[in-house]
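Working through the structure, step by step
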Amino acid sequence: MRDPITILRVHHEKDADGIATPRDEVLARVRAYHEQRHGNVRWANRAAFSEATALFRFRVIPGLSVESLYIIVCGLKRFEILSVEVLGSRYVEVLCREVEPRGNVL
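The following refers to the structure shown. It should be emphasised that the depicted structure is a prediction, and the values quoted were computed from it without experimental measurement.

What follows deals with the overall build of the protein chain. Each helix and strand counted, the protein chain has one helix and six strands in total. Look at the contacts in the protein chain between residues 6 or more apart in sequence, and 50% of them connect residues 24 or more apart. Per element, the accessible surface of the protein chain, about 6,700 Å² overall, is 51% carbon and sulfur.

Now the structure itself:
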């Protein structure tokens, strides 16, 4: 658990003219284990998630249910969550794909 990550929820706010602009809402900042996709046995078993380019594993965050609608920011990269799995009652494993950053990156 060495990489600091930020978990975001993107919501759209409408201004007075009715134009929706996306806003990032920070839900949590935690430390996580981060693994990029590479050719080993564990990634071969995840063939169903061929889009996934990264895996994050972190402790369960009390009061927060991580969903596939959320975004993870690690360094200067943004990752869209594809799959969430709770391992036992202590850890959450998330498969993500990298997306293009937009505007300000946290």
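Resuming the write-up.
Here we take up the nonpolar core. By size, the foremost hydrophobic cluster in this structure holds 17 residues, and its most contacted members are Ile 5, Ile 7, Phe 56, Phe 58, Ile 72 and Val 94. Residue assignment for this core shows that the elements contributing at least two residues are strand S1 (3-14), strand S2 (20-36), strand S3 (54-59), strand S4 (71-74), strand S5 (77-87) and strand S6 (91-99).

Quick look at the state of the cysteines now. Enumeration over the complete set of coordinates arrives at zero disulfides. Between Cys 74, a cysteine without a disulfide, and Cys 96, which holds the nearest cysteine sulfur, the sulfur-to-sulfur distance is 9.8 Å.

Now for the packing of aromatic side chains. Under the defined criterion, the tally for this structure stands at one aromatic pair. Ring geometry for Phe 56 versus Phe 79: centroids 5.2 Å apart, planes at 70 degrees, classification edge-to-face. Of the two residues, Phe 56 is situated in strand S3 and Phe 79 in strand S5; the sequence distance between them amounts to 23 residues. With respect to burial, Phe 56 and Phe 79 carry one shared label: buried.

What holds strands together in a sheet is hydrogen bonding between their backbones, with the strands either parallel or antiparallel. Taken together, six strands build a closed barrel; the order of strands is S1-S2-S3-S6-S5-S4 and the barrel is antiparallel. Strand after strand, the sheet turns through a mean of 45 degrees between neighbouring axes, direction not considered. Two elements, S3 and S6, share six bridges in a ladder whose sense is antiparallel. Bridge assignment links Phe 58 to a residue of S6, and that residue is Val 92.

Turning our attention to the pattern of salt bridges. According to the stated counting rule, one finds six salt bridges in the structure shown. Between Glu 25 and Arg 9 there is a salt bridge; the shortest N-O distance is 3.0 Å. Placement of the pair is Glu 25 in strand S2 and Arg 9 in strand S1, with a sequence separation of 16 residues. Arg 23 is the salt-bridge partner of Glu 13, the closest N and O atoms lying 3.4 Å from each other. Of this pair, Glu 13 sits in strand S1 while Arg 23 sits in strand S2; the two residues are ten residues apart in sequence, bridging distant segments of the chain. Look at Glu 13 and you get partly exposed, because its relative accessible area is 37%. The class for Arg 23 is partly exposed, based on a relative accessible area of 42%.

Procedures and definitions
Residues numbered from 1 in each chain as written. Predicted model: local features only at pLDDT ≥ 70, side-chain atom pairs only at ≥ 80, totals over all residues. Heavy atoms only, no water. Helix = DSSP H or I, 4+ residues; strand = E, 2+ residues; numbered from the N terminus. Contact = heavy atoms within 4.5 Å. Areas by Shrake-Rupley, 256 points an atom, 1.4 Å probe, with all protein chains shown as cover. Core = buried A, V, L, I, M, F, W, Y, C linked by side-chain atoms within 4.5 Å. Buried < 20%, exposed > 50% of the residue type's maximum accessible area, 1.4 Å probe, protein only. Disulfide = S-S within 2.5 Å. Phe/Tyr/Trp six-rings, centres within 6.5 Å; stacked < 30°, edge-to-face > 60°. Pairing = 2+ DSSP bridges. Axes fitted to C-alpha atoms, helices over the stretch in contact; angles between N-to-C directions. Salt bridge = Lys/Arg side-chain N within 4 Å of Asp/Glu carboxyl O.

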